[in-house]
Amino acid sequence: METREDILEIMREDLKRALQKTRSERRWGMAIDLRRCIGCHACTTGCMSENLTPPGMRYRPVREEEIGQFPNVSLRFLPRPCMQCDSPTCTPVCPVKATYKRDDGIVMIDYRKCIGCRYCLVACPYGARSADVGHYYTGEMKKQTYEVENSGEYGKVFKRKTHWHSPIGNARKCHFCIHRVEKGELTRCTTTCLGHATYFGDLNDPKSLINKVIAKANAFRYREELGTEPRVIYIV
Amino acid sequence: MRFDGIVLPDRARLREAVDDIRKGRGGISLYLSLLGLLAGFLAIGCIFLLGHAHTTNTSDLVPWGIQITTYVYFVLISTGCTFVNFFGAIFYEEEYSPYASRVMFLAIVTALAAFISLATEMGRIDRMYYFLISPNPASPMFWMSVWYAADIFIIVLEYINIRRSRHSRKVMWAAFFVAVVTYGTLGSLFGAVGSRAYYYSALLPIYFLFMAFLTGGALCALVAAVEGRKTPGDGSPLPAFFTTFLKIGLGLALFATFWRLMIGLAGHVPGSEAFGLTLFDTLFFGIFLGVVVPFLLLLATRGPVGLIFTGLLILATQFKGRMDLVVGGFRVPVFRAYDIPAVVQYTPSIFEVLVLIASVSLVSFLYLVCDRSGLFEPIPGKEA
């Protein structure tokens with residue numbers, strides 16, 4: 001049986017292979033095995049520390065669902081990152097093209113362009129977007145470095161405090177840690193997942209672990225009936 | 001082209017009006033407007049200086065609150081005024097012409113009030129220039145901005161033409177069609193949101209136009225009735241077309257409100273529970289208080305006082321209706337995590353309420369000052 005480290009190592013190898021291809025040849029995707037998710041929220045907290053998100057903003061919350069009635073009750077956890085839809089509803093509504101879909105499928109937000117109209121928050125059927133209205137953990141006290149410095153999101157410099165390109169006032173969301181992925185590192189939620197329920201990789205690579213996992217198990221995509229073609233696949 | 005005294009208030013009379021205000025002879029409504037304006041703009045200043053985090057109660061679950069509601073409310077009134085101008089000029093030319101400049105002035109100032117409210121909701125208003133350098137033609141919001149620019153231009157032109165006694169029917173028709181397209185686009189901005197059953201509807205652009213006609217008609221009737229009350233002895237009765245417009249508007253509002261509710265209640269898609277959650281408000285405020293009672297009042301009362309009361313009732317219930325429309329779309333969250341409630345509640349903060357007060361006060365203050373300065377009086381030697 002493969003250990004957690006083995007699985008991560010396989011995915012890192014997959015990542016290296018994917019990065020050798022051109023951007024348009026890659027198709028980043030994520031699979032979440034709900035049978036393995038233990039609801040520890042390590043992915044949520046890992047993501048928050050990686051992306052230095054302000055209070056209340058979670059790119060990847062975990063939903064807890066109660067299924068059935070007593071005595072046949074079970075609890076299911078449903079982590080929800082941005083679905084990076086192939087047919088996103090959030091990008092066409094943006095009046096200034098601040099959010100767009102990249103060649104490799106990542107739905108991006110340009111923090112320098114976003115006008116903060118929040119139309120994308122309204123349009124997203126997954127509630128995956130948040131508005132950064134300027135909350136700080138430290139409140140009125142002296143702002144800590146982790147609250148004001150560059151989070152490195154999208155591989156660019158977006159300092160939160162006193163910067164023309166500050167994301168305050170903008171829409172924000174999960175971006176599959178593209179700043180890590182492009183350096184050959186897995187997404188933060190993948191590496192922090194205790195139950196190794198999260199798989200990340202190139203859906204265009206038939207040899208990748210994510211494709212093998214999806215092929216073997218019962219898979220579904222959340223609210224697929226909306227025609228958004230999400231790239232996050234749940235395994236049940 | 002001469003603006004002073006024709007398009008803008010005459011300087012000397014404006015100075016007199018300001019002196020009157022300073023000496024305490026402005027009248028209670030003007031002082032209330034001034035107070036509201038000061039408090040409202042203080043709140044707007046706080047929103048910009050302190051930021052949304054400390055001043056507003058909108059959130060990821062309710063991204064659009066009372067400021068967007070105020071914006072929608074006032075732009076619909078602005079459109080309604082354009083409609084009143086159009087139908088008044090077409091069907092009641094002689095009777096309507098004394099009111100034309102007031103109606104178009106209201107169309108302009110309500111649009112201005114709407115934009116002020118909108119500006120306070122935007123996260124980064126300093127980046128609005130991206131509408132020009134990075135437009136997205138796929139977005140209804142982009143088209144809304146394009147049509148707004150055209151709408152503002154044409155209603156100002158229509159107002160100038162009316163005041164200069166050079167009324168052009170071409171401009172009037174253009175103003176009507178631009179208004180239909182602009183506010184139809186605003187309806188589509190909400191109606192095209194497929195992820196929210198409460199918004200998603202082809203009926204919404206029509207709903208917006210019908211509500212625009214009602215609310216614009218109500219404000220115009222209110223203003224005309226107040227003017228009629230000020231000059232009871234001049235022998236000219238209040239024109240009946242204001243009441244006629246209101247009755248038609250109420251009929252259209254009943255149609256749009258009732259069928260939107262019924263179709264929504266019949267839906268069994270995720271999020272359509274919102275229609276059930278707003279059922280009482282829609283039936284009581286939207287239909288009973290908003291349509292039935294004003295209609296009965298129009299039938300039962302004659303004269304300006306009844307019309308003033310009816311107009312105020314319509315404007316108040318329609319604001320409640322806009323609030324239910326905008327915020328109702330967020331009552332049922334699209335994704336329910338462990339700490340997200342099944343039904344989302346939203347209560348505006350004091351700053352947000354003051355933005356509404358600022359918008360209302362701006363309209364009333366500008367109207368009262370300009371009225372006091374004689375801006376809407378016929379120009380000597382010209383037909384106004």
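Residues numbered from 1 in each chain as written. Chains lettered and ligands numbered in written order. Predicted model: local features only at pLDDT ≥ 70, side-chain atom pairs only at ≥ 80, totals over all residues.

(A) View of the interface of chain A and chain B. Facing 34 residues of chain A, the contacting portion of chain B comprises 30 residues. Sorting the residues of the side of chain A that touches chain B by element identifies strand E2 (62-67), helix H3 (90-93), helix H4 (119-123) and strand E6 (129-131) of chain A as the ones contributing at least two each. The element contributing the most residues to the side of chain A that touches chain B is H4 of chain A, with 4 residues. By residue class, the composition of the side of chain A that touches chain B is 20 nonpolar, 8 polar and 6 charged. (Contact = placed C-beta atoms within 7 Å. Helix = DSSP H or I, 4+ residues; strand = E, 2+ residues; numbered from the N terminus. Nonpolar A, V, L, I, M, F, W, Y, C, P; charged D, E, K, R; others polar.)

(B) Layout of the environment of Val171 of chain B. Residue and element names in this part refer to chain B. Take Val171: it is sitting in helix H9 (residues 169-191). The partly exposed category is assigned to Val171, around which 18 C-beta atoms lie within 10 Å. The spatial distance from the C-alpha of Val171 to the C-alpha of Phe91 is 17 Å, given a sequence separation of 80 residues. Every residue in contact with Val171, bar those within four places of it in the chain, is listed here: Ile154, Leu157, Glu158 and Asn161. (Buried ≥ 20, exposed ≤ 12 C-beta atoms within 10 Å, placed from the backbone.)

(C) Summary view of helix H15 (residues 350-372) of chain B. All names here are of chain B. If you check H15, its first and last C-alpha atoms are 31 Å apart, about what 23 residues at 1.5 Å a residue would give, namely 33 Å. Burial runs high along H15: 19 of the 23 residues are buried. Immediately downstream of H15, the backbone of Gly374 shows phi near 80°, a positive value. (Expected span 1.5 Å × (residues − 1).)

(D) Representation of the nonpolar core in the model. Leu106 and Cys220 of chain B are the most contacted members of the largest nonpolar core, which totals 162 residues. Those residues within four positions of Cys220 of chain B in sequence are excluded, and the remaining contacts are Cys81, Val84, Val103, Leu106 and Phe242 of chain B. (Core = buried A, V, L, I, M, F, W, Y, C linked by C-beta atoms within 7 Å.)

(E) Structural view of the sheet that holds strand E9 (residues 219-220) of chain A. Residue and element names in this part refer to chain A. Here 4 strands make up an open sheet; going across it, the order is E8-E1-E10-E9 and the pairing mixed. Of all strands in the sheet, those bounded by a partner on one side alone are strand E8 (198-202) and E9. Inspection of the sheet shows strand E1 (residues 28-33) paired to strand E10 (residues 232-235) by 4 bridges, in the parallel sense. Looking across to E10, one finds that Met30 is bridged to Val232. Sitting on the sheet, helix H8 (residues 209-216) is in contact with E1, E8, E9 and E10, with an inclination near 120° to E8. (Pairing = 2+ DSSP bridges. Axes fitted to C-alpha atoms, helices over the stretch in contact; angles between N-to-C directions.)

(F) Expanded view of the pairing of E2 of chain A. All names here are of chain A. Judged from the 6 bridges that link them, E2 and strand E3 (residues 74-79) form a sheet pairing that is antiparallel. In the sheet register, Val62 faces E3, and the bridge partner there is Pro79. In this structure, the hairpin formed by E2 and E3 is closed by a connection of 6 residues, where Gly68 is found at a positive phi of approximately 90°.

(G) Structural view of the packing of H9 of chain B against helix H10 (residues 204-230) of chain B. All names here are of chain B. The contact between H9 and H10 brings their axes to 7 Å, and the two run at 130°. One element, H9, and the other, H10, form an angle in the oblique class. The two elements H9 and H10 meet at a crossing, and its hand is right-handed. On H10, the residues that touch Val180, Tyr183, Gly184, Leu186, Gly187, Ser188, Phe190 and Gly191 of H9 are Leu204, Pro205, Tyr207, Phe208, Leu209 and Ala212. (Parallel < 35°, antiparallel > 145°, perpendicular 65-115°, else oblique. Left-handed = near helix turned anticlockwise from the far one by under 90°.)

The quantities given are spatial measurements derived from coordinates; they are silent on function.
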